[in-house]
Amino acid sequence: MDIRALGYLRLETAGFDEWRAFTLDVLGMIEAPGSTEDTLRLRLDDRAHRITIVRGATDRLLAAGWEVRDAAALAVARTELTAAGVEVEDAKPDELADRRVRGMFHCQDPAGNQLEIFWGQAQDHTPAVTPYGNRFVTGDLGLGHVVLPAPAIEEAYDFYEGLLGFTLRDSMRLPAAIVPGGAPDRDVHWMHFMGCNPRHHSLGLYPGLMAPGIVHFMVEVATLDDVGRGYDRLHAAGIPVASTLGRHTNDLMVSFYAQAPGGFQVEYGTEGRLVDDTTWVAKEMTADSFWGHQWNG
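What counts, and where the lines are drawn
Residues numbered from 1 in each chain as written. Predicted model: local features only at pLDDT ≥ 70, side-chain atom pairs only at ≥ 80, totals over all residues. Heavy atoms only, no water. Helix = DSSP H or I, 4+ residues; strand = E, 2+ residues; numbered from the N terminus. Contact = heavy atoms within 4.5 Å. 1 Å grid on protein atoms, 1.4 Å probe; cavity = no way out; pocket = protein on both sides within 12 Å on 5 of 7 lines; lining within 4 Å. Points joined across faces, edges and corners; volume = space filled by probe spheres on them. Nonpolar A, V, L, I, M, F, W, Y, C, P; charged D, E, K, R; others polar. Expected span 1.5 Å × (residues − 1). Buried < 20%, exposed > 50% of the residue type's maximum accessible area, 1.4 Å probe, protein only. Arc of directions from axis to C-beta. Polar contact = N/O pair within 3.5 Å; in protein donor to acceptor, adjacent residues only side chain to side chain. Salt bridge = Lys/Arg side-chain N within 4 Å of Asp/Glu carboxyl O.

K.L.:
Tell me about the environment of I214, and please be specific about residues and values.
P.N.:
Counting through the fold element by element, I214 comes out in the loop between β12 (203-206) and β13 (216-220). Between the alpha carbons of I214 and A71 there is a distance of 29 Å; along the sequence they are 143 residues apart. For I214, the residues in contact, after removing those within four places along its chain, are L61, V146, V147, P149 and F264.

K.L.:
How would you summarise the layout of surface pockets if you had to cite specific residues and measurements?
P.N.:
The calculated volume of the largest pocket comes to roughly 710 Å³. M191, Y206, V215, Q265 and W295 are the residues nearest the centre of the largest pocket, which is lined by 28 residues in total. Of the residues belonging to the lining of the largest pocket, the class tally is 16 nonpolar, 10 polar and two charged. Among the elements that line the lining of the second largest pocket, the one with the most residues is strand β7 (residues 103-108), at three residues. For the lining of the second largest pocket, the class distribution of residues is five nonpolar, three polar and three charged.

K.L.:
Go over helix α2 (residues 71-83), please, and point to the residues and values.
P.N.:
With 13 residues, α2 extends 18 Å between its outermost C-alpha atoms, agreeing within 8% with the 18 Å of an ideal straight helix rising 1.5 Å per residue. Of the positions making up α2, those classed as buried are A73, L74, A77 and L81. For α2, the angular spread of the buried residues around the axis is 100 degrees, confining them to a single face. What points out from α2, more than 90 degrees from its buried face, is the exposed set T79 and A83. If you follow the buried residues of α2, they end up packed against β5 (60-68), β7, β8 (114-119) and α4 (153-163). N-cap assignment for α2: the residue whose side-chain oxygen lies 3.3 Å from the backbone N of A72 is D70.

K.L.:
Lay out unusual backbone geometry with the relevant residues and their values.
P.N.:
When glycine is set aside, most residues are seen to have a negative phi, and most peptide bonds are trans. The residue L252 is not glycine, and still its phi comes out positive at about 65 degrees. In this fold, L252 is placed in the loop between β14 (241-248) and β15 (254-259). A relative accessible area of 29% places L252 in the partly exposed class.

K.L.:
Outline the pattern of salt bridges, listing residues and values.
P.N.:
Evaluated as defined, the whole model comprises 18 salt bridges. The partner of R199 in a salt bridge is E220, and the shortest N-O contact between them spans 2.7 Å. Residue R199 is found in the loop between β11 (188-195) and β12, and its partner E220 is found in strand β13; the two are separated by 21 residues along the sequence. We classify E220 as buried; its relative accessible area is 8%. The salt bridge involving E271 is made with R247; its shortest N-O contact spans 3.2 Å. With E271 in the loop between β16 (265-270) and β17 (283-286) and R247 in strand β14, this residue pair connects regions lying 24 residues apart in the sequence. For E271, a relative accessible area of 41% translates into the label partly exposed. Looking at R247, the relative accessible area reads 21%, which means it is partly exposed. One connected set of salt bridges, linked through shared partners, spans R10, R41, D98, R99 and E116.

Given below as structure tokens:
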């Protein structure tokens, strides 16, 4: 299977107005055409939209959209998942129109996370003019990365590597005491970072439970100044800082984490590492593999 990138995310929230202010006024995203009083579509680049936020009763990840090259690649993905016993559901015409894609189907990973495999997302050829002059790093690298909960971590890992074709980039050793909902008979849990393009990781698998169905997602901006100004806007808006500025030693990204409305986090960073799979060697990390980050809570 040939997954190319994280194409988009769909979120439901009970704090719609808070998300609107957070994404537009702090993160510097662009409101896209098609937004309504109950749906916020967000542009980062030349795609019609990268993030959709829907007003609802709960806070949760509705779906992570993973992009394949074309219709033939989508057909291969569907065939391989069906042959492996994974239930797939073809998108209805109104769903294709909503996502602005040519083809798509739904499925779930072993942890129950909702996935949408798609091709042919529409472009918006008008300039993506952000409110603060910040530029997002996307293109062939996709939206950024997303970290999903996967208590049965080995089963989830086999699904993403063996079926979807992701490549392991690093694994982090986590003490069981800090993993909510992790297997109680283990002293150590493993978190996996997996890639599908040169971005160090487009997917993280976290070996515990998170009620929103997401641990965090990351968007990358072009410069350290973009990150610093975003950090200033976060403080000015009174939004809680989940982690202060710092750098991880696996993907080398300088970033901060914001406590987003809804119980999970958004990472805002720059200088993310690009990987050449012909020379990359997966490594083991520990939970303190960073400098600078001071974690709250």
